[in-house]
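Overview (structure and organization)
Here are the chains, one letter per residue:
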Amino acid sequence: MNRTEQGIAKYLGEDCLHFLQTVRIGIAGAGGLGSNCAMHLVRSGFKQFTIADFDRIEESNLNRQFYFMEQVGMSKVEALCENLRNINPDLDTIKHVQTVSRENMLELFGECDVIIEAFDDAASKKALVETFLPTDKLLVSASGMGGAGNSDEIKTRRVRDNFYIVGDMKTECNAETPPFSPRVTICAAKQADIVLSHYLNKFQNQNNEE
């Protein structure tokens, strides 16, 4: 284990950390939700990631996304993997610098155990849910995180055993309610917390059965 993993193992235990490191997590969209959620998951001990996004970093992204000034103009996928490796240099990352569509979602994320939905537009969100809801993969989506204040309205809703939605379900990101860091990153952290809790429970249940 490297130094980061040794530090995380102090909280999880080595066996639990090794269990989390067998999980592959798909990050569908590397913006405010996806980049911050991935950061939280790496800090939680997860090691295998498949990340897909076509976009490049702009100055307007720096108010809420896990990027830095010198990375403006870079591919978000490339920059995110670079930043995540600054936390844990031994990550196993699969990078897709391309648009995620209904036609290629299954190909891009089919080998993942978890899918984090982190898109900006409703049509892509709907397509991802429709593609992976019938599977046994853990699917974590988000809806409603624009503006500032009322952060206690951002809730976690369990729709099915394998499907969760995080957000206030109403406040879109637009000119009147822009995407600010606090509420966006609250949603991203809640998405990561769902994944961590799910696999900690799974690890505990496996140990109890033994």
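Each remark here, short or long, concerns the structure printed above.
Now for a look at the structure at hand. If you're wondering where the values come from, they're calculated on a predicted model, not measured in any experiment.

Let's shift gears to the nonpolar core. Core analysis: the largest hydrophobic core is formed by 45 residues, its most contacted members being Ile25, Phe46, Phe49, Ile51, Leu84, Val195 and Tyr199. Counting residues per element, this core draws most heavily on helix 7 (residues 181–209), at nine residues. Ranked by size, the runner-up nonpolar core spans 17 residues in total, among them Ala28, Ala52, Phe119 and Ile165.

A word on the sheet that holds strand 2 (residues 48–52). Spatially, seven strands are ordered 3-2-1-4-5-7-6 in an open sheet, and the strand pairing comes out mixed. Taken across any chain shown, the strands that pair with only one partner, and hence form the sheet edges, are strand 3 (92–96) and strand 6 (155–160). Neighbour to neighbour, the strand axes of the sheet diverge by 15° on average, direction disregarded. Of the pairings in the sheet, the one linking strand 6 to strand 7 (residues 163–167) comprises five bridges and is antiparallel in character. Residue pairing for strand 7: arginine 160 is matched across the bridge by phenylalanine 163. The sheet contacts of helix 4 (residues 76–85) involve strand 2 and strand 3, and relative to strand 3 the element is tilted by about 165°.

On to the side chain of threonine 185. As for its placement among the helices and strands, threonine 185 is situated in helix 7. You can call threonine 185 buried: its relative accessible area is 19%. Side-chain polar atoms of threonine 185 contact the backbone oxygen of serine 181, separated by 2.6 Å. Look past the residues within four positions of threonine 185 in its chain and what remains in contact with it is Asn36 and Arg64.

What counts as what
- Residues numbered from 1 in each chain as written.
- Predicted model: local features only at pLDDT ≥ 70, side-chain atom pairs only at ≥ 80, totals over all residues.
- Heavy atoms only, no water.
- Core = buried A, V, L, I, M, F, W, Y, C linked by side-chain atoms within 4.5 Å.
- Buried < 20%, exposed > 50% of the residue type's maximum accessible area, 1.4 Å probe, protein only.
- Helix = DSSP H or I, 4+ residues; strand = E, 2+ residues; numbered from the N terminus.
- Pairing = 2+ DSSP bridges.
- Axes fitted to C-alpha atoms, helices over the stretch in contact; angles between N-to-C directions.
- Contact = heavy atoms within 4.5 Å.
- Polar contact = N/O pair within 3.5 Å; in protein donor to acceptor, adjacent residues only side chain to side chain.

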